[in-house]
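Summary of structural features
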Amino acid sequence: PGENASWGFDPRLGMKFAVVEKTRFKGGVGLYHQPPQPFESYRSDDTPVNLGQEVAYAATFGWEQDVGQAIHGEVEVFYKWMDDLIVSNPDFDSIDDTYFINAGVGRAYGLEAILRHDPVGNLFGWLSYTLSRSERRDYEDSDWYRFDFDQTHIFSAVAGYKLPYDFEIGVKGQYVTG
């Protein structure tokens, strides 16, 4: 009972091209689908659940720069539009009604910067910062609000060291707001 069968076609295109030596631009676009979660499509009887997949359209554009032999920097902006998000049905009155419907929309956008240190000798690592906003609107006449797990600022630092016999040790520090 309560099964929901669906399929999606998720085309994606990515590109990267060199502007001059050690400098590259990159970009990508894609379409993504996500079927309803099991609890969203559950019905205690054999009534079909008419929930569609959530849909997202994503785009990125960035710049890569080689700073030295082992140091590489990247800056990338991103935008994602989400449609048909599953939300609670405001017209739900009885067990015969569908509790969830595809009525929400969302958006996520931001910027990410990363500085990488490729393995030289045995040391490698990176520093990164992400500034982002993830918002949603559940119904056409409702206000925008942040997703539950929106993370506005993300600072990350990773360092690793290669040991003999293909072992590695590493440490990661992260600070997140949101």
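I will try to describe carefully the structure that is included in this document. (Residues numbered from 1 in each chain as written. Predicted model: local features only at pLDDT ≥ 70, side-chain atom pairs only at ≥ 80, totals over all residues. Heavy atoms only, no water.)

The subject of this paragraph is the overall build of the chain. Broken down by element type, the chain carries 0 helices and 9 strands. In the chain, the order of α-helices and β-strands from amino to carboxyl end is β-β-β-β-β-β-β-β-β. Relative to the globule expectation of 16 Å for 178 residues, the C-alpha radius of gyration of the chain, 22 Å, shows a markedly less compact shape. The principal-axis extent of the C-alpha atoms belonging to the chain is close to 65 × 40 × 30 Å. Relative to its 178 residues, the chain shows a buried fraction of 30%. Long-range contacts, defined here as pairs at least 24 residues apart, represent 53% of the contacts in the chain between residues at least 6 apart. With the model as given, the accessible surface of the chain reaches about 12000 Å², and the carbon-plus-sulfur share is 57%. Distance between charge centres in the chain, computed from 15 positive and 28 negative side chains, equals 11 Å. (Helix = DSSP H or I, 4+ residues; strand = E, 2+ residues; numbered from the N terminus. Rg over C-alpha atoms; globule rule 2.2 N^0.38 Å. Buried < 20%, exposed > 50% of the residue type's maximum accessible area, 1.4 Å probe, protein only. Contact = heavy atoms within 4.5 Å. Areas by Shrake-Rupley, 256 points an atom, 1.4 Å probe, with all protein chains shown as cover. Lys, Arg positive; Asp, Glu negative; His and termini not counted. Charge placed at Lys NZ, Arg CZ, Asp CG, Glu CD.)

When charged atoms on two side chains of opposite charge get close, those side chains can pair. Evaluated as defined, the whole model comprises 11 salt bridges. The residue K26 makes a salt bridge to E74 at a minimum N-O spacing of 2.7 Å. On the criterion of sequence distance, the pair formed by K26 in strand β2 (residues 23-34) and E74 in strand β4 (residues 71-88) is long-range, its members being 48 residues apart. The class of E74 is buried, set by a relative accessible area of 17%. One salt-bridge network, in which partners are shared between bridges, spans K16, R24, K26, E64, D66, E74, E76 and R116. (Salt bridge = Lys/Arg side-chain N within 4 Å of Asp/Glu carboxyl O.)

Let us now look at the pairing of strand β8 (residues 153-163). Note: strand β6 (residues 123-137) against β8, 9 bridges, orientation antiparallel. Across the sheet, the residue bridging to S128 is S156, located in β8. Pairing of β8 with strand β9 (residues 167-177) involves 11 bridges; the strand directions are antiparallel. Counterpart to F155 in the pairing with β9 is Y175. Counting the residues that bridge the hairpin from β8 to β9 gives 3 residues, and of these Y165 lies at a positive phi of roughly 65°. (Pairing = 2+ DSSP bridges.)

Even without glycine at this site, K22 takes up a positive phi of about 75°. Considering the arrangement of structural elements, one finds K22 in the loop between β1 (12-20) and β2. With a relative accessible area of 41%, K22 lands in the partly exposed category. Despite not being glycine, Y165 has its phi angle at roughly 65°, a positive value.

The description of two aromatic rings rests on the distance between their centres and on the angle between their planes. A full pass over the atoms with the stated rule returns 8 aromatic pairs. Residues Y79 and Y109 carry aromatic rings whose centres are separated by 6.4 Å and whose planes lie at 20° to one another, so their mutual orientation is stacked. Pair noted here: Y79 is in strand β4 and Y109 is in strand β5 (residues 100-120), with a separation of 30 residues, a long-range link. You can call Y109 partly exposed: its relative accessible area is 33%. On the basis of an interplanar angle of 90° and a centroid distance of 4.8 Å, the ring pair of Y99 and F100 is categorised as edge-to-face. A relative accessible area of 44% means that Y99 is categorised as partly exposed. Looking at F100, the relative accessible area reads 15%, which means it is buried. (Phe/Tyr/Trp six-rings, centres within 6.5 Å; stacked < 30°, edge-to-face > 60°.)

Time to look at the side chain of D150. Inspection of the secondary structure assignment puts D150 in the loop between β7 (145-146) and β8. On the basis of relative accessible area, D150 is assigned to the buried category, the value being 4%. Among the polar contacts made by the side chain of D150, one reaches the main-chain amide nitrogen of S134 at a distance of 2.7 Å. Ignoring anything within four residues of it in the chain, the contact list for D150 reads S132, R133, S134, T177 and G178. (Polar contact = N/O pair within 3.5 Å; in protein donor to acceptor, adjacent residues only side chain to side chain.)

The values reported here are purely geometric and, on their own, carry no functional implication.
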